[in-house]
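These are the residues of each chain, in order.
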Amino acid sequence: MLELCGEIGYGTVTVAAVLERSGTNRTWFYDTYAGKPDCYARAYETRAETFCGRLLSACAAGADPAGALRAGLGELNDFIVAEPALATGLLAEVRVAGGAALAKRNEIFERLSRAIQHTRRETRRSRHSPPPATTAAFILDAFEAAVIRKLRDGGGREGLVDELAALADAYYPETAGRESSGGGHSTHDRW
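It should be emphasised that the depicted structure is a prediction, and the values quoted were computed from it without experimental measurement.

Each value, and the rule that gives it
- Residues numbered from 1 in each chain as written.
- Predicted model: local features only at pLDDT ≥ 70, side-chain atom pairs only at ≥ 80, totals over all residues.
- Heavy atoms only, no water.
- Helix = DSSP H or I, 4+ residues; strand = E, 2+ residues; numbered from the N terminus.
- Buried < 20%, exposed > 50% of the residue type's maximum accessible area, 1.4 Å probe, protein only.
- Areas by Shrake-Rupley, 256 points an atom, 1.4 Å probe, with all protein chains shown as cover.
- Core = buried A, V, L, I, M, F, W, Y, C linked by side-chain atoms within 4.5 Å.
- Axes fitted to C-alpha atoms, helices over the stretch in contact; angles between N-to-C directions.
- Contact = heavy atoms within 4.5 Å.
- Nonpolar A, V, L, I, M, F, W, Y, C, P; charged D, E, K, R; others polar.
- Salt bridge = Lys/Arg side-chain N within 4 Å of Asp/Glu carboxyl O.
- Left-handed = near helix turned anticlockwise from the far one by under 90°.

What follows covers the overall build of the chain. Within the chain, the secondary structure is distributed over eleven helices and zero strands. Each helix (α) and strand (β) of the chain, taken in turn from the N terminus, gives the series α-α-α-α-α-α-α-α-α-α-α. Expressed as a percentage of its 191 residues, the buried residues of the chain come to 43%. If you sum the accessible surface of the chain, you get close to 9,800 Å²; carbon and sulfur atoms cover 54% of it.

As structure tokens, then:
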């Protein structure tokens, strides 16, 4: 289901196409799923949970916040390069599918947003800075838009990690090091 959605779009996918791709029959399909939306939602939930776990594990392996971000973005990039149809079906078509799949996407984005907030070192911010939760959610939405654009373009994905890391840096400026040490900053003060 997810690969087909990535290849031809959720709106174009039919149950018949899913049956043909999977080698199953209509009776099994309707004994298992309530229909196309249910099939997509259940496939989405399984794959999205797995992928979220991979992202969080990759981030946990980072030596510092900047390394954690790059590790997570590297995992995202590897997935997009290795499985572009699945990545498109999972990351781009969920908004078209809506319903339970979109609710699951929102739940996962909330978890990822909390992980970003937790990883981010506390800094003194001016009273004009956006709240960290808002910033983390905005960054995730911006990451999603950039990834979907790359998937839709169908071209190379070179530079995606650098592009997304620069985007995060723009919204979490390196102010902690300057405030705490009188001007210099270290990688520990960054994502």
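Looking now at the nonpolar core. Tyr40, Leu73, Leu76, Leu90, Leu91, Val147 and Leu164 are the most contacted members of the largest nonpolar core, which has 47 residues in total. Top element by residues in this core is helix 4 (residues 36-60). It accounts for eight residues.

Right, let's get into the packing of helix 5 (residues 65-82) against helix 6 (residues 84-92). Where helix 5 meets helix 6, the axes come as close as 5 Å, and the angle between the chain directions of the two elements is 115 degrees. Touching Leu76, Phe79, Ile80, Val81 and Ala82 of helix 5 are Pro84, Leu86, Ala87, Leu90 and Leu91, all from helix 6. Split into classes, the residues belonging to the contact of helix 5 with helix 6 amount to ten nonpolar, no polar and no charged.

Looking now at the pattern of salt bridges. Applying the stated criterion across every chain yields a total of 16 salt bridges. For Glu49, the salt bridge goes to Lys104, with nearest N and O atoms at 2.4 Å. Of this pair, Glu49 sits in helix 4 while Lys104 sits in helix 8 (residues 99-119), and the two are 55 residues apart along the sequence. Relative accessible area serves as the criterion here: at 11%, Lys104 is assigned to the buried category. Residues Glu93 and Arg152 are paired through a salt bridge, measuring 2.8 Å at the closest nitrogen-oxygen approach. One end of the pair, Glu93, is in the loop between helix 6 and helix 7 (94-97); the other, Arg152, is in helix 9 (residues 132-153), with 59 residues separating them in the sequence. Judged by its relative accessible area of 5%, Glu93 is buried. Relative accessible area serves as the criterion here: at 47%, Arg152 is assigned to the partly exposed category. Bridged by salt links that share partners, the residues Glu49, Lys104, Glu107 and Arg111 form one connected network.

Our next topic: the packing of helix 4 against helix 5. Two numbers describe how helix 4 lies on helix 5: the axes approach to 7 Å, and their chain directions differ by 145 degrees. The chirality of how helix 4 crosses helix 5 is right-handed. Across the interface between the two elements, Phe51, Arg54, Leu55, Ala58 and Cys59 of helix 4 pack against Ala68, Ala71, Gly72, Glu75, Leu76 and Phe79 of helix 5. Partitioned by chemical class, the residues of the contact of helix 4 with helix 5 number eight nonpolar, one polar and two charged.

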